[in-house]
Amino acid sequence: MGFTKKLFATGEFADLCGVKKQTLFHYDEIGLLKPEYKNENGYRYYSVQQAEVFSVIEMLKEIGMPLAEIKNFLHFKTPKETIALLTEKEEMMKKKIMKMQRTQLIIQNKKKHIEEALRLNFDRFTIEKMGTEYYVLSESILNCSDKEFTKLIMSFIKYTKRERLDTGYPIGGLIRQEQVEEGDYWNYSHFYMRVAQSDLAEPFIKKAGKYVVGYHKGSYVTIQETYKKMKNYLDKEGYRICGDSFEEYVIDEVSVSGENNYVTKIMIQVEEK
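Criteria and thresholds
- Each chain has its residues counted from 1, following the order in which its sequence is written.
- In keeping with the predicted nature of the model, local features appear solely for residues at pLDDT of at least 70, side-chain atom pairs appear and are counted solely at 80 or more, and the whole-chain, interface and lining totals rest on all residues.
- To obtain the side-chain values, all non-hydrogen atoms of the structure were included, while hydrogens and water were left out.
- Between Lys or Arg on one side and Asp or Glu on the other, a salt bridge is scored when a side-chain nitrogen of the former is within 4 Å of a carboxyl oxygen of the latter.
- By the criteria applied, helices consist of DSSP H or I runs no shorter than four residues and strands consist of E runs no shorter than two, each listed in order from the N terminus.
- The cut-offs for exposure are 20% and 50% of the maximum accessible area for each residue type, with area from a 1.4 Å probe on protein chains only; residues under the lower value are buried, those over the upper are exposed, and the others partly exposed.
- Each pair of strands is called paired provided DSSP finds at least two bridges between the two strands.
- Where helices are involved, their axes are fitted lines through C-alpha atoms of the stretch in contact, as for all axes, and angles between N-to-C directions lie from 0 to 180°.
- Working rule for angles: under 35 degrees goes down as roughly parallel, over 145 as roughly antiparallel, 65 to 115 as roughly perpendicular, anything else as oblique.
- Should the near helix be turned anticlockwise from the far one by less than a right angle, the crossing is left-handed, and should it be turned clockwise, the crossing is right-handed.
- Any two residues whose heavy atoms approach within 4.5 Å at even a single point are treated as in contact.
- When residues are grouped by polarity, Ala, Val, Leu, Ile, Met, Phe, Trp, Tyr, Cys and Pro land in nonpolar, Asp, Glu, Lys and Arg in charged, and all others, Gly among them, in polar.
- To form a nonpolar core, buried Ala, Val, Leu, Ile, Met, Phe, Trp, Tyr and Cys residues must be joined to one another through side-chain atoms within 4.5 Å.
- The rule is simple: put a 1 Å grid over the protein atoms alone, call a set of points where a 1.4 Å probe fits but cannot get out a cavity, call an open set with protein on both sides within 12 Å along at least five of seven lines a pocket, and count a residue as lining if it has an atom within 4 Å of a point.
- Grid points are joined across faces, edges and corners, and a volume is the space filled by probe spheres set on the points.

An account of the pattern of salt bridges is needed here, citing residue identities and associated values.
The full count for this structure, using the stated rule, is 15 salt bridges. Residues Glu58 and Lys61 are paired through a salt bridge, measuring 3.5 Å at the closest nitrogen-oxygen approach. Highlighted residues: Glu58 and Lys61, both in helix H3 (residues 49-62), separated by 3 residues, approximately one helical turn. Judged by its relative accessible area of 27%, Glu58 is partly exposed. Given a relative accessible area of 37%, Lys61 falls into the partly exposed group. Through salt bridges with shared partners, a single network forms among Asp28, Lys34, Lys38 and Arg44.

Shown next as structure tokens:
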């Protein structure tokens, strides 16, 4: 029949849509997208207008709409229903895009963090001027049991994810000045995560000032050795501790294998004697 020249055979239409013929066969079988015409031999032919229908099907699939729902929509839609559905899906896409952008930011910050760590000298201490930073804190974990410790850090991680506060910076541990001075280096008061100032109404503020910065390489159970070296360094340089200690993993299980290769950054606020 002459009008078949205006139609696409199944293979041609599949090529036009960028799919395998089996996909078109399946859509025909479930009544989602039937060919414009079938000849007496059962050959399927599709119109150019159906390419647009196919693109809508793929778009709705892409945003998670089941085939059965797509079928009902295509078969029983009205212009108002189409507008309503597309408006709803547009909002879904906006949320997905925001989530993907945040994921991209997390990846960028983690990559930057590891790249910076590779350029560091882990065997020396420095006195550095640091600007104000803003943190979100966990509930107090000072002197808590191992069971409470596990429960609270899990709760904190879930909270930062739920509130979309995680932007790729490592979770850190805050040790109060009195614990550091007493040599109680394993007794965190809080977990923390760095955030933008605008993310929280009342963030915890890490004060601007001078900090002694050092790095502990290896298992956390031996971190007291690095703290003792840092204190000796401060005595020689004429400084004393005047604030809290902030600990962050700069190299952890994400980038190396084995805790003996972990690197923990230690930052303690100091002042000249």
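Past the structure itself, the notes keep going.
Outline the sheet that holds strand S2 (residues 37-38), supporting the account with residue identities and numerical values.
An order of S1-S3-S2 is seen for the 3 strands of this open sheet, with the pairing classed as antiparallel. Where the open sheet ends on each side, the last strands, each with one partner, are strand S1 (8-9) and S2. Relative to strand S3 (residues 44-46), S1 is paired through 2 bridges, and the arrangement is antiparallel. Paired with Phe8 across the strands is Tyr46, a residue of S3.

How would you sum up the environment of Lys112? Please name residues and give values.
Mapped onto the elements, Lys112 comes out in helix H5 (residues 79-118). For the pair formed by Lys112 and Gln197, sequence separation is 85 residues and the distance between their alpha carbons is 21 Å.

Explain the packing of H3 against helix H4 (residues 67-76) to me, using residue names and the numbers behind them.
The N-to-C vectors of H3 and H4 enclose an angle of 140 degrees; their axes lie 10 Å apart at closest approach. The angle between H3 and H4 places the two elements in the oblique class. When you trace H3 past H4, the crossing you get is right-handed. Across the interface between the two elements, Val53, Ile57, Leu60 and Lys61 from H3 touch Leu67, Ile70, Phe73 and Leu74 from H4. Partitioned by chemical class, the residues of the contact of H3 with H4 number 7 nonpolar, no polar and 1 charged.

Tell me about the nonpolar core, and please be specific about residues and values.
Most often, soluble globular proteins keep nonpolar side chains buried together rather than apart. Ranked by internal contacts, the top residues of the largest apolar core, which has 27 residues, are Val136, Val180, Val212, Tyr227, Leu234 and Ile268. Elements with a minimum of two residues in this core: strand S5 (133-137), helix H6 (146-162), strand S7 (190-195), helix H8 (223-237), strand S10 (239-251) and strand S11 (263-272). Here this core gets 5 residues from one element, more than from any other, and that element is H8. Those residues in contact with Tyr227, other than ones at most four positions away along the chain, are Ile175, Val180, Tyr185, Ser245, Glu247, Ile266 and Ile268. Within the second largest apolar cluster, 17 residues are counted, among which are Tyr27, Ile57, Leu60 and Phe73.

For the layout of surface pockets, give the residues involved together with the corresponding values.
Of the voids in this model, the second largest pocket is the one considered here, and its volume is about 390 Å³. Around the second largest pocket, the lining comprises 21 residues; the ones closest to its centre are His113, Glu116, Leu120, Tyr215 and Lys265. Taken together, the elements giving at least two residues each to the lining of the second largest pocket come down to H5, strand S4 (126-130), S5, strand S9 (209-217), S10 and S11. Broken down by element, the lining of the second largest pocket gets its largest block of residues, 5 residues, from H5. Taken together, the residues of the lining of the second largest pocket break down into 9 nonpolar, 4 polar and 8 charged.

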